[in-house]
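As a plain string of letters, each chain reads:
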Amino acid sequence: EDKVVQSPLSLVVHEGDTVTLNCSYEVTNFRSLLWYKQEKKAPTFLFMLTSSGIEKKSGRLSSILDKKELFSILNITATQTGDSAVYLCAGYYGGSQGNLIFGKGTKLSVKP
Amino acid sequence: NAGVTQTPKFQVLKTGQSMTLQCAQDMNHEYMSWYRQDPGMGLRLIHYSVGAGITDQGEVPNGYNVSRSTTEDFPLRLLSAAPSQTSVYFCASSRRGISGTEAFFGQGTRLTVV
C-alpha cells in the first residue's frame, strides 16, 4: 500500500532554533515529492523534488530528497513565529492518472 | 488571477440532506481533485479528474459523486450527508506533468453534518 509518513507529528521550538522535518515514502511509480505549508487555510506550495541529492532552497527553508533511502527532509533555520504551521509532505505517483499521496503533516509551533 | 475558488466556505447540513460543493479554476489545468482533511489524518483524496469528461475514485470516494463537464469546474456532490462526512474539503488543480507539478488549492469548505 502506498504511504507517506511524516515525523515528528508535532514540534515546539523557540524563535531562532533550527528544525528538521522528516518525510519517508513508499509510493509505487514514484515521480516526485512535494512539500506544502498549511496555516489556517489552504496548503501553499514550498518545494517539488524529483532528483536525489539536489538541495532546493528558498530563504531560510531548504529541502533534499534521497531516492535510495526513500525519504526527504525539510530544514528551517532561524525559525520565526510566522513559521508556525502544519507542514505537509506528498508523494506524486505518475502514470496516466498520477496523483498526490499526503502524509499526516507535522505541526510546528514556534514560541517567541 | 482567481486561482481555485471554492464555495461555500462554511456549511451545516442535517443528516440525510444532499448538497454540492463548487470548485472552479481559471488556470486551464487538466487535473482537478477533491480532498478531505480530518484532524490528524492529513489530506485524503476523494475523487479526481484528468480532464473534462474523465473522473476517477480516490482513497475515500464513498458517499460522494463528481462530474467534470468543463475544464474549469469540478463540483463535489454529497448524496445523503452523514456525520462522518464532517470535515474540511479542499479542491485542487494542477497541470499535467510526468514528474508531478505544483497543485494549487482552494481555500476550503468547512462542512458540519448534524
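Everything below is about the structure printed above this text.
Here's the deal with the overall build of chain A
- A tally of helices and strands in chain A yields zero helices and 11 strands.
- Starting at the N terminus and ending at the C terminus, chain A contains elements arranged as β-β-β-β-β-β-β-β-β-β-β.
- Taken over the C-alpha trace, chain A has a radius of gyration of 14 Å; the compact-globule value for 112 residues is 13 Å, and the two agree within 12%.
- For chain A, the spread of C-alpha atoms along the three principal axes comes to 45 × 30 × 20 Å.
- Relative to its full complement of 112 residues, chain A shows a buried share of 44%.
- Long-range contacts, defined as pairs at least 24 residues apart, comprise 54% of the intrachain contacts of chain A with a sequence gap of at least 6.
- Accessible surface for chain A amounts to roughly 5400 Å². Of this, 50% is attributable to carbon and sulfur atoms.
- Computed over 13 positive and 10 negative side-chain charges, the separation of the two mean positions in chain A equals 5 Å.

Brief notes about the sheet that holds strand β3 (residues 19-25) of chain B
Residue and element names in this part refer to chain B.
- Strand order in the open sheet formed by four strands is β1-β3-β8-β7, and the pairing between neighbours is antiparallel. Each having just a single partner strand, β1 (4-7) and β7 (64-66) make up the two edges of the open sheet. On average, each strand axis in the sheet is tilted by 20 degrees relative to the strand beside it, whichever way the strands run.
- Sheet topology places β3 next to strand β8 (residues 76-78); three bridges connect them, and they run antiparallel. Note on β8: the bridge partner recorded for L21 is L76.

Topic: the interface of chain B and chain A
- The interface is formed by 25 residues belonging to chain B together with 23 residues belonging to chain A.
- Between chain B and chain A the total buried area reaches about 1900 Å² when both faces are included, carbon and sulfur atoms providing 53% of it.
- At the boundary of chain B and chain A, one finds zero salt bridges.
- On the surface where chain B and chain A come into contact, there are two residue pairs in polar contact (both at pLDDT 80 or more).
- Of all the secondary-structure elements, those providing two or more residues to the side of chain B that touches chain A are β4 (31-37), β5 (43-51) and β6 (54-57) of chain B.
- Its residues assigned to classes, the side of chain B that touches chain A comprises 12 nonpolar, 10 polar and three charged.

A closer look at the packing of aromatic side chains
- Per the stated rule, a full pass over the model turns up nine aromatic pairs over all chains.
- Pairing Y36 of chain A with F105 of chain B gives two aromatic rings, centres 5.5 Å apart and planes at 85 degrees, and the pair type is edge-to-face. A residue pair is termed interchain when its members come from two chains, as with Y36 of chain A in strand β4 (residues 30-38) and F105 of chain B in strand β10 (residues 104-105).
- The buried category is assigned to Y36 of chain A, whose relative accessible area is 0%.
- We classify F105 of chain B as buried; its relative accessible area is 8%.

Describing unusual backbone geometry
All names here are of chain A.
- Residue P8 is bonded to the preceding S7 through a cis peptide linkage, with omega at -10 degrees.
- Residue placement: P8 occurs in the loop between β1 (3-7) and β2 (10-14).
- Phi is positive for N29, which is not a glycine, with a value near 55 degrees.
- Along the chain, the position of N29 falls in the loop between β3 (19-26) and β4.

Some points on the sheet that holds strand β6 (residues 56-58) of chain A
All names here are of chain A.
- The five strands lie next to each other as β1-β3-β8-β7-β6, forming an open sheet whose pairing is antiparallel. The open sheet is flanked by β1 and β6, the only strands paired with a single partner. Ignoring which end each strand starts from, the neighbouring axes of this sheet average 15 degrees apart.
- Pairing of β3 with strand β8 (residues 71-76), which is carried by six bridges, proceeds in the antiparallel orientation. What sits directly across from T20, in β8, is N75.

A few points about the environment of A81 of chain B
Residues and elements named next belong to chain B.
- Looking at the secondary structure, you find A81 in the loop between β8 and β9 (87-94).
- Its relative accessible area of 1% is what places A81 among the buried residues.
- Between the alpha carbons of A81 and V114 there is a distance of 9.0 Å; along the sequence they are 33 residues apart.
- A81 has contacts with L13, K14, T15, G16, Q17 and V113, leaving out every residue within four places of it along the chain.

So, how was this worked out
- Residues numbered from 1 in each chain as written.
- Chains lettered and ligands numbered in written order.
- Predicted model: local features only at pLDDT ≥ 70, side-chain atom pairs only at ≥ 80, totals over all residues.
- Heavy atoms only, no water.
- Helix = DSSP H or I, 4+ residues; strand = E, 2+ residues; numbered from the N terminus.
- Rg over C-alpha atoms; globule rule 2.2 N^0.38 Å.
- Buried < 20%, exposed > 50% of the residue type's maximum accessible area, 1.4 Å probe, protein only.
- Contact = heavy atoms within 4.5 Å.
- Areas by Shrake-Rupley, 256 points an atom, 1.4 Å probe, with all protein chains shown as cover.
- Lys, Arg positive; Asp, Glu negative; His and termini not counted.
- Charge placed at Lys NZ, Arg CZ, Asp CG, Glu CD.
- Pairing = 2+ DSSP bridges.
- Axes fitted to C-alpha atoms, helices over the stretch in contact; angles between N-to-C directions.
- Buried area = accessible area lost by both parts, 1.4 Å probe.
- Salt bridge = Lys/Arg side-chain N within 4 Å of Asp/Glu carboxyl O.
- Polar contact = N/O pair within 3.5 Å; in protein donor to acceptor, adjacent residues only side chain to side chain.
- Nonpolar A, V, L, I, M, F, W, Y, C, P; charged D, E, K, R; others polar.
- Phe/Tyr/Trp six-rings, centres within 6.5 Å; stacked < 30°, edge-to-face > 60°.

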